[in-house]
Amino acid sequence: RVTAVDVADAAAPREVASVEVWEGRGCAEAVSIVGDVAFVGSYCTPDIATVDLTGLPDSLRVLAATQDAAFENMVSATYGASYNASANAPPAYLFSASYAAPGGVVVW
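Described below are features of the structure shown in this document. (Residues numbered from 1 in each chain as written. Predicted model: local features only at pLDDT ≥ 70, side-chain atom pairs only at ≥ 80, totals over all residues. Heavy atoms only, no water.)

1. Focus on the side chain of Asp52
Now for step 1: Residue position: Asp52 is located in strand 5 (residues 47-52).
Now for step 2: Polar side-chain contacts of Asp52 include one of 2.8 Å to the side chain of Thr54.
Now for step 3: Excluding its chain neighbours within four sequence positions, the residues that come into contact with Asp52 are Asp36, Leu60, Arg61 and Leu63. (Helix = DSSP H or I, 4+ residues; strand = E, 2+ residues; numbered from the N terminus. Polar contact = N/O pair within 3.5 Å; in protein donor to acceptor, adjacent residues only side chain to side chain. Contact = heavy atoms within 4.5 Å.)

Set out below in structure tokens:
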């Protein structure tokens, strides 16, 4: 599940939208946001999904979801990490570490 929370009032955060990403499977771990799309990896299943953010603050929509053993246990890198010179500009590629077999680095 991916949930959007309005934190404009830090003392009273509130859920504004939520969407089931994997129909009851998986648990979102890696979330990278580029523009109006969230790339979501799973910690406990080999899933990856893209979520449309253009409906916020009212709604979220899954654009696509797929499975591959290489996507298991993904943890995303963040902007400003060593591969990116500027924290203000999104990188040309998104990186996630995949900690289960076969493991490695997921780049898209």
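2. Thoughts on the side chain of Thr50
Now for step 1: Structurally, Thr50 can be placed in strand 5.
Now for step 2: Discounting chain neighbours no more than four positions away, the residues touching Thr50 are Val37, Ala38, Phe39, Arg61, Val62, Leu63 and Ala64.

3. Examining unusual backbone geometry
Now for step 1: Following Leu56, the chain continues into Pro57 via a peptide bond in cis, with omega recorded as 15°.
Now for step 2: Along the chain, the position of Pro57 falls in the loop between strand 5 and strand 6 (61-67).

4. Remarks on the environment of Asn73
Now for step 1: With respect to the helices and strands, the residue Asn73 is situated in the loop between strand 6 and strand 7 (74-76).
Now for step 2: A relative accessible area of 16% places Asn73 in the buried class.
Now for step 3: C-alpha separation for the pair Asn73 and Cys44, spaced 29 residues apart in sequence, amounts to 5.9 Å. (Buried < 20%, exposed > 50% of the residue type's maximum accessible area, 1.4 Å probe, protein only.)

5. Comments concerning the pairing of strand 4 (residues 37-42)
Now for step 1: Burial analysis of strand 4 places 5 of its 6 residues in the buried class, which makes it a mostly covered element.
Now for step 2: Two strands pair when backbone bridges link them, and strand 3 (residues 28-34) and strand 4 are joined in this way by 6 bridges, in the antiparallel orientation. Of the residues in strand 4, the one forming a bridge with Val31 is Val40.
Now for step 3: Between strand 3 and strand 4, which pair antiparallel one after the other, the connecting turn spans 2 residues, and Gly35 there sits at a positive phi close to 60°.
Now for step 4: Sheet topology note: the strand 4/strand 5 ladder contains 5 bridges and is antiparallel. Note on strand 5: the bridge partner recorded for Phe39 is Thr50.
Now for step 5: The antiparallel hairpin formed by strand 4 and strand 5 contains 4 residues in its connecting segment. (Pairing = 2+ DSSP bridges.)

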